[in-house]
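Listed here are the chains, written in short residue letters.
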Amino acid sequence: MTTSLTAGAAAPVAAAPRLAARTRGLRKVYRSAVAVDGVDMDVPEGAVVGMLGPNGSGKTTTIRMLLGLVRPTEGEAELLGQPMPAASETSLPHVGALVEGPGFHPFLSGRDNLLRLAAAEPLLGRRQLDGAVSDALERVGLTDAGHRAYRGYSLGMKQRLGLAGALLAPRRFVVLDEPTNGLDPAGTREVRRVIADLHADGVTVLVSSHLLAEVEATCTHVVVLNQGTVVAQGELDELLESNNPSLLVSTPNGARAVDALRDNRIPARLAPDGVRVDLSANTASSVIETLVRADVAVEEARRERTGLEDLFARLTQAAPGEPEDVPLHRVPELMS
Amino acid sequence: MTTTTAPISVEWRLPRARVALPRLLLAELRWVFRRPRTLVVLGLLAVIPVIIGIALSFADGGPAGDPNPPVFVTAASSALALPIGALTVLLSLLLPLTVANAGGDAIAGEQANGTLRGWLLAPVSRGRLLLVKAFGVAAVALVAASLVATTGILTGLVSNGTDGLFTLSGTTLPLLDALGRVAIAAGWVTVQLWALGAVALAISASTEHPMLVLATVLGGVIVSQVLLLFPALDWLHPFLLPASWDALINLMRDPIWWDALGEGILRAACYLVIGLSLAYARVLTSDG
């Protein structure tokens with residue numbers, strides 16, 4: 001079941017933001033295997049949306065349907081308000097994408113590869129091609145390697161060139177499928193910087209990744225997929241809070257605080273660093289009010305947040321309660 | 001469950017933009033003729049008529065008075081025969097290989113490289129994509145046939161001079177007339193290669209392995225030529241593209257025997273239409 005939090009806790013706003021991408025009931029069946037099933041996804045304009053999910057959860061298939069590369073078996077996809085794939089000629093010029101890794105011709109240089117791509121970009125005039133390619137190369141730090149044949153590029157350089165391809169023309173929406181694959185920490189930081197720059201320019205970004213720390217650092221919104229369906233989506237902060245609604249209260253007299261709260265039927269327990277209060281049925285202010293009424297000195301109260309990692313593990317693990325699993329953000333390291 | 005069908009408050013207004021077709025065609029040509037494989041095969045094609053010419057200059061002339069002498073025997077003494085003979089010989093294997101190679105790289109090879117996606121996302125519509133790809137393959141075919149014809153006639157003229165331009169019928173042609181016939185031969189061979197190219201594109205659109213395209217097209221050409229050897233299968237022969245390939249020698253008669261040549265064009269046109277239709281259907285429905 002889709003747990004959607006976009007509208008749930010959000011304060012009422014004057015105008016709903018436009019959606020850069022929107023899917024409804026998206027389903028894709030390959031022969032007998034269901035790759036994606038009933039995906040309802042919203043990508044608000046201006047957001048940086050992280051798409052999370054274990055391998056084979058349908059991230060790439062969803063992206064490919066969104067970009068019109070694959071026809072959905074059922075359901076609809078909209079990109080910049082245009083139905084896909086029917087209106088791809090209207091929407092795609094404004095969309096940059098790096099899907100399923102970089103794809104380039106080995107015998108051409110990085111620069112010539114980009115020139116070939118740029119030739120097909122409707123938003124670039126004939127005279128702008130050279131400049132656009134130079135800019136894109138500079139943006140990903142490949143200016144010096146631009147003249148070398150793609151054949152000799154390292155994995156990280158290939159990935160950067162793919163990123164440059166997505167940034168060739170002025171974009172309104174950039175889709176990056178695993179952009180940090182094969183990049184070293186410096187490269188990863190650069191991708192983070194590129195995403196931040198795009199965000200600052202008001203460009204909407206959809207980035208799929210299984211590097212949870214990466215997503216947590218760069219994204220404003222998160223969509224979590226598991227086994228072809230969306231299991232959670234919404235603003236990152238809300239998701240993290242809603243996942244673990246508890247308040248950590250530091251107080252010198254913890255025992256009294258717990259008693260006072262329990263008297264008011266507020267679940268609470270003593271923790272090493274204070275009193276942990278369950279917030280699923282109570283607001284933070286009512287908790288503090290109760291404590292103050294009971295003459296408990298409150299030194300500090302803060303909402304407790306667990307990382308994205310715990311949330312992700314909880315949402316995507318078939319059998320919960322196996323805390324000994326390898327944290328997902330380490331899987332790529334272990335595999336490489 | 002909370003539904004989140006956020007109303008789309010402001011319509012997206014996106015200016016429509018489209019790349020001019022010549023820009024795409026030019027980009028395709030630049031790519032096709034920088035591919036090392038294409039260049040190697042074209043180089044080979046350019047050298048082969050020269051090698052044949054050198055070999056023939058050491059050979060004796062054919063038996064006098066034979067109304068249908070083997071074309072290469074004639075080539076030893078006629079500058080006209082060398083380009084047409086070279087085209088005939090190369091049409092049975094190396095020229096089809098060139099085109100099948102180009103056709104395989106055009107879609108299947110790009111798909112395997114992951115480069116087709118880049119243009120589809122730019123976006124280049126699938127119909128246009130096939131048009132551009134077909135143009136690229138057609139250009140390779142034209143260049144390949146012209147190259148053979150050009151180096152062939154040059155070699156022939158160098159070794160025999162301009163006065164030895166006699167036909168199988170015994171007449172001698174003026175130089176311009178002979179050049180015209182070589183041009184017709186190159187054009188006719190180009191059309192045959194386009195037919196093969198269309199079939200190659202259809203296969204190319206259905207697979208991710210360019211080698212499969214090469215194997216299928218060359219296999220088809222060879223099997224067809226073998227089938228043509230059996231008179232018992234003559235009911236099948238009109239459907240085989242290589243059935244007309246012997247007709248090229250009719251360009252060396254005076255006047256030219258057009259019947260078989262025309263039939264060859266018709267046969268090629270059928271292959272062309274069927275091949276391109278299949279390719280179009282596949283390109284439209286395949287996943288990018």
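Residues numbered from 1 in each chain as written. Chains lettered and ligands numbered in written order. Predicted model: local features only at pLDDT ≥ 70, side-chain atom pairs only at ≥ 80, totals over all residues.

## A look at the overall build of chain A
- Across its full length, chain A carries 12 helices and 14 strands.
- When burial is assessed residue by residue, chain A has 48% of its 336 residues classed as buried.
- Here the analysis covers contacts within chain A between residues at least 6 apart in sequence; of these, 69% occur between residues at least 24 apart. (Helix = DSSP H or I, 4+ residues; strand = E, 2+ residues; numbered from the N terminus. Buried ≥ 20, exposed ≤ 12 C-beta atoms within 10 Å, placed from the backbone. Contact = placed C-beta atoms within 7 Å.)

## Comments concerning the overall build of chain B
- Looking only at helices and strands, one finds 10 helices and zero strands in chain B.
- The buried share of chain B, reckoned over its 288 residues, is 45%.
- Across chain B, the fraction of contacts at a sequence separation of at least 24, relative to all contacts at a separation of at least 6, is 79%.

## Considering the sheet that holds strand β2 (residues 33-44) of chain A
All names here are of chain A.
- Here we have four strands laid out as an open sheet, ordered β2-β1-β4-β5, and antiparallel in their pairing. In this open sheet, the two strands that pair with only one neighbour each are β2 and β5 (82-84). Neighbour-to-neighbour, the strand axes of this sheet turn through a mean angle of 25 degrees, independent of strand direction.
- Relative to strand β4 (residues 74-79), strand β1 (residues 19-30) is paired through five bridges, and the arrangement is antiparallel. Counterpart to Arg27 in the pairing with β4 is Glu74.
- Helix-sheet contacts for helix α1 (residues 59-66) involve β1, β2, β4 and β5, and the interaxial angle to β1 is about 115 degrees. (Pairing = 2+ DSSP bridges. Axes fitted to C-alpha atoms, helices over the stretch in contact; angles between N-to-C directions.)

## What to know about the sheet that holds strand β12 (residues 268-271) of chain A
All names here are of chain A.
- With antiparallel pairing, four strands are arranged side by side in an open sheet as β12-β13-β11-β14. Each end of this open sheet is capped by a strand with a single partner; those strands are β12 and β14 (300-303). Pairwise comparison of adjacent strand axes, ignoring direction, gives a mean angle of 25 degrees for this sheet.
- Here four bridges tie strand β11 (residues 246-250) to strand β13 (residues 274-278), and the two strands are oriented antiparallel to one another. Opposite Leu247, over in β13, you have Val277 as the bridge partner.

## Considering the confidence of the model for chain A
All names here are of chain A.
- Here chain A averages 82 in pLDDT, and 88% of its residues register 70 or above.
- Per-residue pLDDT stays below 50 along residues 1-14; that stretch engages in 25 contacts with residues further than four places along the chain or on separate chains.
- Throughout residues 319-336 the model reports pLDDT below 50, and contacts reaching past four residues in sequence, or to other chains, amount to 17 contacts. (pLDDT = per-residue confidence, 0-100.)

## Focus on the confidence of the model for chain B
All names here are of chain B.
- For chain B, the average pLDDT comes to 87, and 89% of its residues sit at 70 or higher.
- When pLDDT is averaged over each element of chain B, helix α9 (residues 210-227) comes out on top at 95 and helix α3 (residues 71-75) at the bottom at 58.
- For residues 1-9, every residue scores under 50 in pLDDT, and the model assigns this stretch 20 contacts once sequence neighbours within four places are set aside.
- Confidence over residues 61-65 falls short of pLDDT 50; this stretch has seven contacts with residues more than four positions distant or in other chains.

## Quick notes on the packing of helix α5 (residues 94-113) of chain B against helix α7 (residues 126-160) of chain B
All names here are of chain B.
- Following both chains from N to C, one finds α5 and α7 inclined at 160 degrees, their axes separated by 9 Å at the closest point. As judged from the angle between their axes, α5 and α7 are roughly antiparallel. Note on packing geometry: the crossing formed by α5 with α7 is right-handed. In contact with Leu95, Thr98, Val99, Ala102, Gly103, Ala106 and Ile107 of α5, α7 contributes Lys133, Gly136, Val137, Val140, Ala141, Ala144 and Ala145.
- Among the residues forming the contact of α5 with α7, the class breakdown is 10 nonpolar, three polar and one charged. (Parallel < 35°, antiparallel > 145°, perpendicular 65-115°, else oblique. Left-handed = near helix turned anticlockwise from the far one by under 90°. Nonpolar A, V, L, I, M, F, W, Y, C, P; charged D, E, K, R; others polar.)

## So, the pairing of β11 of chain A
- Summarising the sheet, β11 of chain A and β14 of chain A pair through four bridges and their orientation is antiparallel. By the bridge assignment, Leu247 of chain A is partnered in β14 of chain A with Arg303 of chain A.

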